[in-house]
Amino acid sequence: MLPSSLDRLRNALQVPQRNTDASKMFAAELAYGRYRGPAPTDARRAAVMILLHENRHWTDALEPPLDRWHFPLTLRVESLSRHGGQISLPGGALQIGESNWQAAVRESEEELGVCLADVIRLGELSASYVFASNYLVTPFVAFLPSEPIWKRQESEVADIFEMSLRHLVDTGNFRIPLRKRYGISFRSPCIDHEKREIWGATSLILGQLITAIRVAFPDSM
């Protein structure tokens, strides 16, 4: 049975959202709205997973529900040719014959080292086009009833860490630092988490989730 707080979130995810507008607050100055698409015809398809599970240290039933739910993020290995050293949601490219959901589950199992046989799909967010790698990425939100023990895929994942939904929606964790890439300086919003910055495509996707959370839990904002 789905916990009542996640049932509220699932219902919010079914309501049509202006997800590209939700992503806009996390778009870099040089994005020029490309994340909205349409993606080029040669763009590869990929899928990622926001995998919610109960914080094993959560014990107070009266505690706000946003503190109860956590999800994993991965730090990609520096040597990867695409997005090396960046923070991502678990997921990856579709294989031939796969659906977006199947790819998200398979890639998440590989990267996190967990079995997702009992995972419950809560909803799907709008696809985002990642210009730098020419991927059209479909994000899913899901619930893992069992307690996970992460075991990173060493060839791709340098570290796995967790973020709570409370931390995600806390505006005090939001910054717009100046960055420099390929000799160009620009501002790009990010979510701070334990001296790490979540920005780029990952923050664009999480911006959509923030909108859904605000719909589901207006009394917790």
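Report follows, based on the coordinates. (Residues numbered from 1 in each chain as written. Predicted model: local features only at pLDDT ≥ 70, side-chain atom pairs only at ≥ 80, totals over all residues. Heavy atoms only, no water.)

Section: helix H1 (residues 4-14)
Argument step 1. Those residues of H1 lying buried are Ser5, Leu6, Leu9, Ala12 and Leu13. Projected onto a plane normal to the axis of H1, the buried residues spread over an arc of 115° and lie on a single side.
Argument step 2. Tucked inside the fold, the buried residues of H1 contact strand E1 (44-54), helix H3 (65-68), strand E2 (69-76), strand E5 (120-124), strand E7 (135-143) and helix H6 (201-216). (Buried < 20%, exposed > 50% of the residue type's maximum accessible area, 1.4 Å probe, protein only. Helix = DSSP H or I, 4+ residues; strand = E, 2+ residues; numbered from the N terminus. Arc of directions from axis to C-beta. Contact = heavy atoms within 4.5 Å.)

With respect to helix H4 (residues 100-112)
Because an α-helix packs 3.6 residues into every turn, residues spaced three or four apart end up facing the same way.
Argument step 1. Counted at 1.5 Å a residue, the expected span for H4 with its 13 residues is 18 Å, and the 18 Å between its end C-alpha atoms agrees.
Argument step 2. Looking at the buried side of H4, the elements it contacts are E1, E2, strand E4 (91-93), E5, E7 and strand E8 (157-164).
Argument step 3. Taken from the residues just after H4, Gly113 is the one with a positive phi, measuring 70°. (Expected span 1.5 Å × (residues − 1).)

Observations regarding the environment of Ile87
Argument step 1. Tracing the backbone shows Ile87 in strand E3 (residues 87-88).
Argument step 2. On the basis of relative accessibility, which here comes to 9%, the residue Ile87 falls in the buried class.
Argument step 3. For Ile87 and Leu73, which are 14 residues apart along the polypeptide, the C-alpha to C-alpha distance reads 6.7 Å.
Argument step 4. If sequence neighbours within four positions are ignored, Ile87 has contacts with Leu73, Thr74, Leu75, Phe161, Arg196, Glu197, Ile198 and Thr202.

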